[in-house]
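Commentary on secondary and tertiary structure
Listed below, chain by chain, are the residues.
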Amino acid sequence: MRIERQMARPSAGAKKAQSNNEQKASNFQQTLAAKRTEDVLTLSRQPAAEEMRQKPSAASMTASTAPAGVKEQSPPDEIVLLPGDSTETKLEKLRQIADTADYTGMSYTEIYCDIWNRYNEAFGGKMSAITSGLWRGDNWYSINNQFSIMTDKFVFCPLDREIFKDSGLSSGDKGYHEQYVAHGGKNFRAAALGYQVDNFEDCELAIRLKYAGKNTLLDFLNMQGELFATGVMDHKLGSEGAFWYQNDLENKLQTMFFPDPWAQPTSGQYIAALRFQVDIPKLAADMRQSLSQANFSGFNFDIEEVMDKAIDDLLSIADEQ
């Protein structure tokens, strides 16, 4: 995702809240340390997500029905994803699997988890990084787009239709959220990732604990992908603030690993970079420098303050590595 747009300053009298942000970051660090020390925060699988891992998928990539001692033979219509398949081949096979999927009797959470698990397995456990929108990888944008199409088709669109049929409400209408929950809607990504949490603050703590001490680019992308997809960043920065932070973070990561502005990295180079360490302090410094040089105007929120807060949070991650 690369969207070029000029940043703008809201008003000449707007002040940064850096000292408050630093205090909040310090409080967060103290809370995180306390959670580690007391060991009161646990990461556990949502019942639906765990159940999906223990029983055959509704549209399983492989099937095992042969008796013991009898060599299995794939049925003619079985679609099997092979380790050597290209990204394009995997996507085509996943589309074919979706065409034959039968989710009768399954909850929306179970369906979402089933789709997530299938894609995550197909692409080497990298789906949080792939859906982060921060890196190109090997056709990662195509993978993300197709995953979104499938979850819209089998989860979000049917859920919206059901809510409208029963209440006449659409997304954005007053009372929609209550109907969303009543009809089985929830933080589906958090469920698929196994976070059993009741609020965004606990979800953020769980994610940051999960990736504490992990500092490769792949780890960083997975963590950021989870923070965005579970709604943590929207909650902290607002939807527009999270969008601008994500956009700037993508640009700075590209520059950090491929500093030549005229370079056109190959898919192989993008994938090879995943094993290298991210210099988070330098990343934050580069973002801070861009922020100090930006010309802000026309925003309906204090973009400078929001980005300052995001950068402070980014630096606090470095303290956990």
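Note that the structure is a prediction, hence the values are computed from the model and not measured.

The helix and strand inventory of the protein stands at 15 helices and zero strands. The buried share of the protein, taken over its 321 residues, is 45%. Looking at the protein alone, contacts between residues at least 24 apart form 74% of all its contacts between residues at least 6 apart.

Let's shift gears to the packing of aromatic side chains. Considering all chains together, one arrives at 18 aromatic pairs under this definition. Ring centres of Tyr103 and Phe154 lie 5.2 Å apart, and the angle between their planes is 75 degrees; on these two criteria the pair is classed as edge-to-face. Placement of Tyr103 in the loop between α3 (87–99) and α4 (108–122) and of Phe154 in helix α6 (residues 140–167) is noted, with a sequence separation of 51 residues between them. For the ring pair Phe156 and Phe188, a centre distance of 5.7 Å and an interplane angle of 75 degrees mean the geometry is edge-to-face. Of this pair, Phe156 sits in helix α6 while Phe188 sits in helix α8 (residues 188–193), and the two are 32 residues apart along the sequence. The partly exposed category is assigned to Phe156, whose relative accessible area is 27%. The exposure class assigned to Phe188 is buried, which follows from its relative accessible area of 3%. These aromatic residues form a ring-pair network of at least three members: Tyr112, Trp116, Tyr119, Phe123, Phe147, Phe156, Tyr176, Tyr180 and Phe188.

Right, let's talk about α4 for a bit. Under the 1.5 Å per step criterion, the end-to-end length of α4 is 21 Å for 15 residues, consistent within 8% with the ideal 21 Å. Counting buried residues in α4 gives 13 out of 15 residues, a clear majority hidden from the surface. Backbone geometry just after α4 places Gly124 at a positive phi near 65 degrees.

Next up on the list: the confidence of the model for the protein. For the protein, the mean per-residue pLDDT works out to 81, and 76% of the residues sit at or above 70. Looking across the protein, the model is least confident in helix α2 (residues 47–54), with a mean pLDDT of 46, and most confident in helix α5 (residues 127–130), with 98. Predicted confidence is poor over residues 1–22, with pLDDT under 50, and the contacts of this stretch with residues over four places away or in other chains come to 56 contacts. Across residues 36–76 the pLDDT falls below 50, and counting only partners more than four positions away or on other chains, this stretch makes 65 contacts in the model.

For the pair α4 and α6, the least separation of the axes is 11 Å and the interaxial angle reads 175 degrees. One element, α4, and the other, α6, form an angle in the roughly antiparallel class. Together, Tyr108, Ile111, Tyr112, Ile115, Trp116 and Tyr119 of α4 and Ile143, Gln146, Phe147, Met150, Thr151, Phe154, Val155, Phe156, Pro158, Leu159 and Glu162 of α6 make up the contact between the two elements. Its residues assigned to classes, the contact of α4 with α6 comprises 14 nonpolar, two polar and one charged.

Right, let's talk about the environment of Lys93 for a bit. Counting through the fold element by element, Lys93 comes out in helix α3. In the structure, Lys93 is positioned 13 residues away from Val80 in sequence and 7.7 Å away in space, judged by C-alpha atoms.

Attention shifts here to the nonpolar core. By size, the foremost hydrophobic cluster in this structure holds 80 residues, and its most contacted members are Tyr119, Trp135, Tyr245 and Leu253. Apart from residues no more than four positions distant in its own chain, Tyr245 is found in contact with Gln224, Phe228, Met233, Leu237, Met287, Met307, Ala310 and Leu314.

With respect to the element layout, Gln224 can be found in helix α10 (residues 217–229). Each C-alpha atom of the pair Gln224 and Leu314 lies 10.0 Å from the other, and the pair is 90 residues apart in sequence. Residue contacts for Gln224: discarding those within four places in its chain leaves Leu134, Tyr245, Leu249, Leu314 and Ile317.

What follows concerns the packing of α10 against helix α12 (residues 239–257). Taken N-terminus to C-terminus, the directions of α10 and α12 make an angle of 170 degrees; their axes are 12 Å apart at the nearest point. What the angle tells us is that α10 and α12 run roughly antiparallel. On α12, the residues touching Leu217, Phe220, Leu221, Gln224 and Phe228 of α10 are Ala242, Tyr245, Gln246, Leu249, Leu253 and Phe257. Among the residues making up the contact of α10 with α12, the classes are represented as nine nonpolar, two polar and no charged.

What counts and what doesn't
- Residue numbers run consecutively from 1 along every chain, following the written order of its sequence.
- Owing to the predicted nature of the model, reporting of local features is limited to residues with pLDDT of at least 70; listing and counting of side-chain atom pairs is limited to 80 or more, with chain, interface and lining totals taken over all residues.
- Side-chain measures were taken over the full set of non-hydrogen atoms in the model, leaving aside hydrogen atoms and water.
- Note on conventions: DSSP H or I runs of at least 4 residues are helices, E runs of at least 2 residues are strands, and numbering of each starts at the N terminus.
- Per-residue accessibility, obtained with a 1.4 Å probe over protein chains only, is compared with the maximum for each type, and a residue is labelled buried under 20%, exposed over 50%, and partly exposed between these values.
- We call two residues in contact whenever any of their non-hydrogen atoms come within 4.5 Å of each other.
- To pair, rings of Phe, Tyr and Trp, with the six-membered ring standing in for Trp, must have centres within 6.5 Å; the planes then decide the type, stacked if under 30 degrees apart, edge-to-face if over 60, and tilted in the middle.
- Residue count minus one, scaled by 1.5 Å, sets the expected span of a helix.
- pLDDT is defined as a per-residue confidence score from the predictor, taking values between 0 and 100.
- Think of each axis as a best-fit line through the C-alpha atoms, taken over the contacting stretch in the case of a helix, with angles from 0 to 180 degrees between the N-to-C directions.
- Under this scheme an angle from 65 to 115 degrees is roughly perpendicular, one under 35 degrees roughly parallel, and one over 145 degrees roughly antiparallel; angles in between are oblique.
- Think of it as three bins: nonpolar holds Ala, Val, Leu, Ile, Met, Phe, Trp, Tyr, Cys and Pro, charged holds Asp, Glu, Lys and Arg, and polar takes everything else, Gly as well.
- For our purposes a nonpolar core is just a set of buried Ala, Val, Leu, Ile, Met, Phe, Trp, Tyr and Cys residues, chained together by side-chain atoms within 4.5 Å.

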